[in-house]
Every structure is written in structure tokens, then in C-alpha cells.
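Coordinates in review
Spelled out, the chains give:
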Amino acid sequence: RPDPLVDAVARAMEHADGVRRLGVRANADTPEDAARARRFGAEGIGLCRTEHMFLGDRRRLVEAMILADDDAERDRALEALLPLQRRDFSGILDAMDGLPVTIRLLDPPLHEFLPDRMELAVRVATAEAQGGAPDDHDVRLLDAVNRMHEENPMLGLRGVRLGLVAPGLVAMQVRAIAEAVVERRHAGGDPRAEIMVPLIDTVEELRLVREEVDRVLADVSAEAGMPVDCPVGTMIELPRAALTAGLIAEEAEFFSFGTNDLTQTTWGFSRDDVEAAFFSAYLDKGVFTVSPFETIDRKGVGRLVEIAVKEGRAARPGLHMGVCGEHGGDPESVHFFHAVGLDYVSCSPFRVPVARLEAGRAALDGAGAG
Ligand code: PEP
Ligand code: MG
């Protein structure tokens, strides 16, 4: 039996898709989420986070990487991770066959990956107190964790910083992506992987990572006998990156605005503590009427986005740009991203239909950025 409401929504969606200029992608990091996003009309993946791929059973391999006293031990851990990552990427590229999939290199706050420091210390101390020798693995792990401890992990060894100091990590991930592309092509698919570098502050970081990325892509291309040339771009999610976007654009084939971190670092508010007491008091007192983590703060964060769009495109005409922070699925923010000239928004799969509708409305409104 035809349902008039379903029919009306379908017609509205069709109309919005017909007029919108903004593309709509989804943030997804499993084949299941990618398939769901596709059913909701996503035109690609704007952010595939790779952090979860290092948890669970794979923690032992990450520990081995952290602990590796010698290059051979570390290389063995990376070799064990490579086929697992290749499988991760191959599944997602398969689910999004023919559409772009932006895969972000590992961006952990380090504390989420390290074993719990307290737990380890208690284990070692208990064994000593009982007069026995503590487990050698625990002692080495505790020593490594103590050395790597940070008071502010969200401002610490995250994103590109980890990629630049952990030998072999970027190469392993890029090889896994490139080999997954080759695998999908052999299976008759049309994989479109893009490689994204997180938490860039300066173009120098991007230049260094790109050298490694380009080398690995060239190696895999030679081994496979086919060109594997994934576009390489960067997140713009720190104020310094936004303000130096013209320089960064020299090394980036695309930008994706990480408005979660950009909001955190522009306001100086911890994104993990938005429930903190002062935050609701600020809402009550009207310092702001809506959380800047929900709706883009046009006067501050939005200004940085505008500057980066303008300078990025001046340095590299036609530079492809999107947003993959939570704001990408917020209706009011979608209007802003349209007005500022982004090419696409990327949001959680369930918000894709709303983003499509709002992108259509924004095109019809011709909404201003101010
Ligand atoms: C962001 O910072 O907006 C972003 C998309 O990255 P993450 O949320 O993973 O830090
Ligand atoms: Mg971020």
C-alpha cells in the first residue's frame, strides 16, 4: 500500500539532490557502516578513522610496537599488522566501490592505546611486595608507558606527530591501503582510496609524511605493475593550519576541516569535557546559546574555515575541500559550509538524509556566510 508520507519524503529528497551543490559523504570505518551510509545516499566516505583497528586483539601487536627495543622486533609487529589493515581497507573499499573513500592515517590520543599505567604499576609493586620477581613483560611495559606518559594527551603525540616519530607506522598503513586498492582492482572493482594526514600544524610535517607516502605508493605500483596513485590530503583542524592554509595547499590535494578539534583548539575548550560544570552555566547565562561543538561558531571557528578556504584555493585553484567534524551533519552548519564554498560535508551515516535535504535548502536559500 503506498504511504503518502514516504512518498513526500522521497520527492523532497529527490528535489534536494537535484538542486544541491554540496556533496554529502559519511564518516564510517567498517564495511557495515559504509554499506549503511550508501543506503542513506552517501556519495563516498569523507572520514574513515583507523584508530579502532588497533584495539581489541590487536593491542598485543601495538604493545610489541611500543616495546620494540630493536628494529627487528618492531618490524615484526608492523608486518603482523599489515595484512589485518589490508583486510580492513579492502572491505570498506568494496562496500564503497566506485566512490571516494578518505582513509585517515592513525590519529590516537596516545593514552587510549597504552596499557593502563596504574594497573601495571600495581601489578609490578604487588609482585615485588610478595617477594617474587615481577613479570619481565610488565616491567618493560611500565617503563615504556612511564616514558610516554603525557599530562595532556589531546595536545600530545597525536596524529601526524605519531606518524613522524614512530618508524614504519605510516609506511605500514599506506602499504595496506595501496595493496587493498590492488586487491580490489584484481577483483574487478573500482576502488577510490584517498589518504588523509591528521593534525597538521605546519606544511613541513605534511612534506615529510608525503615523502614516505609517495615512496610506498611508488613501491607498490612497481610490485603490482599498475599505477596506484591515491590523492593525498590533510585535515585542517588546528588554528595554525587554517592560518597557513596557503602554504599547506602546496602539499595537499584536498583539505578536510576537522571542526571538532578546530573548535576545541580555537575556544580552548576540552571536547572531552563538554559536560563540565562551566559549560552548562555558559549556556544558562547566554555566553553562547548553542554549544559550539554542535553548531559551527561562525564568528570564530567559521572565520578560520573561511580564511583557509580562501587561501587554500588561492594557492591551488580548484582545491577540493570538505568537512568531516560533527558539524558536517548539523543543519545550520550545513548552510554555512555551502555558503563558504566547500565541496562536500561528511557526517555519521544516520545524518546523511538530513544533510542532503539541508544542502538542497541551502542552495535554494543562497544562504550567506556572515
Ligand atoms: C575533527 O577533529 O573534527 C575530526 C573529524 O577528527 P576526530 O574527531 O577524529 O578528532
Ligand atoms: Mg580531529
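What comes next is a walk through the structure. On a predicted model such as this, the values are computed, not experimentally measured, just so you know.

Rules behind the numbers
Residues numbered from 1 in each chain as written. Chains lettered and ligands numbered in written order. Predicted model: local features only at pLDDT ≥ 70, side-chain atom pairs only at ≥ 80, totals over all residues. Helix = DSSP H or I, 4+ residues; strand = E, 2+ residues; numbered from the N terminus. Rg over C-alpha atoms; globule rule 2.2 N^0.38 Å. Buried ≥ 20, exposed ≤ 12 C-beta atoms within 10 Å, placed from the backbone. Contact = placed C-beta atoms within 7 Å. Near = placed C-beta within 6 Å. Nonpolar A, V, L, I, M, F, W, Y, C, P; charged D, E, K, R; others polar. Axes fitted to C-alpha atoms, helices over the stretch in contact; angles between N-to-C directions. Parallel < 35°, antiparallel > 145°, perpendicular 65-115°, else oblique. Left-handed = near helix turned anticlockwise from the far one by under 90°. Pairing = 2+ DSSP bridges. Right-handed = clockwise from strand over helix to strand, strands pointing away. Core = buried A, V, L, I, M, F, W, Y, C linked by C-beta atoms within 7 Å.

**What about the overall build of the chain?**
- When helices and strands are counted, the chain shows 16 helices and eight strands.
- A compact globule built from 370 residues should have a C-alpha radius of gyration of about 21 Å, and the chain, at 22 Å, falls within 12% of that.
- Structurally, the chain occupies a C-alpha span of about 75 × 60 × 55 Å along its principal axes.
- Classification of the 370 residues of the chain by burial places 42% in the buried group.
- Considering only residue pairs separated by 6 or more positions, the chain has 72% of its internal contacts joining residues 24 or more positions apart.

**As for the site of ligand 1**
- Near ligand 1, the surroundings consist of L47, R49, D107, E237, G258, T259, N260, D261, C324 and G325.
- In terms of residue count, the dominant contributor to the shell around ligand 1 is helix α12 (residues 259–267) (three residues).
- Looking at the shell around ligand 1 residue by residue, the class counts come to two nonpolar, four polar and four charged.

**Remarks on the packing of helix α2 (residues 31–39) against helix α4 (residues 71–95)**
- It is the contact of α2 with α4, at a shortest axis distance of 8 Å, that shows an interaxial angle of 15 degrees. As the angle between them shows, α2 and α4 are arranged roughly parallel. Classified by chirality, the crossing of α4 by α2 is right-handed. Of the residues in α4, those touching α2 at P31, A34, A35 and R38 are G91, I92, D94 and A95.
- Of the residues assigned to the contact of α2 with α4, the class counts are five nonpolar, one polar and two charged.

**Observations concerning the pairing of strand β8 (residues 344–347)**
- Of the two faces of β8, both are covered, the one formed by Y344 and S346 as well as the one formed by V345 and C347.
- Two strands pair when backbone bridges link them, and strand β7 (residues 320–323) and β8 are joined in this way by two bridges, in the parallel orientation. Paired with V323 across the two strands is V345, which belongs to β8.
- Note on the crossover from β7 through helix α15 (residues 331–340) to β8: the handedness is right-handed.

**Here we look at the sheet that holds strand β1 (residues 23–27)**
- Judged by pairing direction, the barrel is parallel, and its eight strands sit side by side in the order β1-β2-β3-β4-β5-β6-β7-β8 before closing back on the first. Taking each pair of neighbouring strands and ignoring which way they run, the sheet shows an average axis angle of 30 degrees.
- Bridge count for β1 against strand β2 (residues 45–48) is two bridges, and the pairing is parallel. Each bridged residue has a counterpart across the sheet, and for N27 the counterpart in β2 is L47.

**A closer look at the nonpolar core**
- Of all hydrophobic cores here, the largest spans 88 residues; its most connected members are I45, I92, I177, I195 and V345.
- No other element matches helix α8 (residues 169–186), which puts nine residues into this core.
- Core analysis: the next-biggest nonpolar cluster, separate from the first, contains six residues, L114, L141, L142 and V145 among them.

**Some details on the environment of A133**
- Structurally, the position occupied by A133 is in the loop between α5 (117–129) and α6 (136–148).
- For A133, a count of 8 C-beta atoms within 10 Å corresponds to the exposed category.
- As a C-alpha pair, A133 and T259 span 126 residues in sequence and 49 Å in three-dimensional space.

**Things to note about the environment of A363**
- Summarising the element assignment, A363 is placed in helix α16 (residues 352–365).
- A sequence separation of 45 residues divides A363 from G318, and the C-alpha atoms of the two residues are 20 Å apart.
- Contacts of A363, omitting those with residues within four sequence positions, involve V19, R20, R21 and H338.

**Quick notes on unusual backbone geometry**
- One non-glycine residue with positive phi stands out, namely L199, at about 55 degrees.
- Relative to the helices and strands, L199 is located in the loop between β4 (192–197) and α9 (203–224).

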